[in-house]
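# Notes for the structure review
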Amino acid sequence: MVRILDRESVQDLLENRRAQVMEVLPRQEYEWAHLPGAGHLPPERLDESAQGLDPARPVVVYGQNERSDQSRQAAIRLEKLGFGEVCDYPAGKMDWLSAGLPYEGHAELVARVTRRDPVTAAPGDPLSEVTDRILADPAGVAVVVDEDRIVQGMIGEEEIADAPPGATAGDAMDTGPVTVRPGDDLAGLVARMERERVRHAVVTRSDGTLVGLYGLGDLRPQASESDTG
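Quick look at the structure, then. (Residues numbered from 1 in each chain as written. Predicted model: local features only at pLDDT ≥ 70, side-chain atom pairs only at ≥ 80, totals over all residues. Heavy atoms only, no water.)

What follows deals with the sheet that holds strand β10 (residues 200-204). Strands sit in the order β9-β10-β11 across an open sheet of three strands; the sheet is mixed. The outermost strands of the open sheet, each flanked by one partner alone, are β9 (179-180) and β11 (210-215). Across five bridges, the pairing between β10 and β11 is antiparallel. The residue bridging alanine 201 from the neighbouring strand is tyrosine 214, located in β11. Sheet strands touched by helix α9 (residues 186-196): β9, β10 and β11. Its angle to β11, the strand with the most contacts, is close to 60°. (Pairing = 2+ DSSP bridges. Helix = DSSP H or I, 4+ residues; strand = E, 2+ residues; numbered from the N terminus. Contact = heavy atoms within 4.5 Å. Axes fitted to C-alpha atoms, helices over the stretch in contact; angles between N-to-C directions.)

Set out below in structure tokens:
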């Protein structure tokens, strides 16, 4: 029977079970971006392509997102072909990319240029202490997060200058920074930032937790794990 997997379960199978992960989207979409190490299993040639898979290892198939039935159909077909452990990752590629996880392909997504170690502060931290860390960092900003790493705001030079004596990070922060998802197109983000005349965007997951920071002009692109092997 086909197993339904979430993102964490897919990661576990990849790391501990040597799972074979296969994308069931058209070649163009596969080449744009796919999960690390994923193979291509075109639906129109599934039976032929499946001959190269090892039936003794788990097979995980995925498509674009939960609005598509392609991965479910492919999983059922693989099961009928005799594969013993077939899994469907219905949330698919967009769920993976939205979490800021490594990917392969030529897509230029925000995840690939996100700085993963920005200065962070808790809302109750004294601004005077946060200021020292901000001034020592090339970006010149701090992201304010709560105990669950959910983004609350951002502090830069303007917020520091406008803050009253004795202010906390929560008192001084800008509560409306530009936010973006790791799986968003980089060119679109750059255009938005230039249009809104902002230098930094906070990269968050769909639950609002912090992934990192992207800045125009002051942050060098960082290679993703998929780039570094």
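Of all the six residues making up β11, six are buried; the element is thus mostly covered by neighbouring parts of the structure. Remark: five residues form the turn of the hairpin made by β10 and β11, two consecutive strands paired antiparallel; glycine 208 in that turn has positive phi of roughly 90°. (Buried < 20%, exposed > 50% of the residue type's maximum accessible area, 1.4 Å probe, protein only.)

It is worth spelling out the nonpolar core at this point. Nonpolar side chains tend toward joint burial in soluble globular proteins. Counting 21 residues, the largest nonpolar core has Val10, Leu35, Val60, Tyr89, Trp96 and Tyr103 as the members making the most contacts within it. At the level of elements, α1 (7-16), β4 (59-62), β5 (86-89) and α5 (92-98) are the ones that each hand at least two residues to this core. The residues touching tryptophan 96, leaving out its near neighbours within four places in the chain, are Arg7, Val10, Gln11, Leu14, Leu35, Pro36, Tyr89, Leu101 and Pro102. Within the second largest apolar cluster, 14 residues are counted, among which are Val2, Leu41, Leu46 and Leu53. (Core = buried A, V, L, I, M, F, W, Y, C linked by side-chain atoms within 4.5 Å.)

Before going further, it helps to examine the pairing of strand β7 (residues 142-145). As a general feature of sheets, a regular strand has side chains that alternate between the two faces. Here β7 shows a buried face lined by Ala142 and Val144 and a second buried face lined by Val143 and Val145. Bridge count between strand β6 (residues 119-121) and β7: three bridges; the pairing is parallel. Among the inter-strand pairings, threonine 120 is bridged to a residue of β7, identified as valine 143. Considered for its hand, the β-α-β crossover made up of β6, helix α6 (residues 127-135) and β7 is right-handed. The hairpin formed by β7 and strand β8 (residues 151-155) contains five residues between the paired strands, and arginine 149 there has a positive phi angle of roughly 70°. (Right-handed = clockwise from strand over helix to strand, strands pointing away.)

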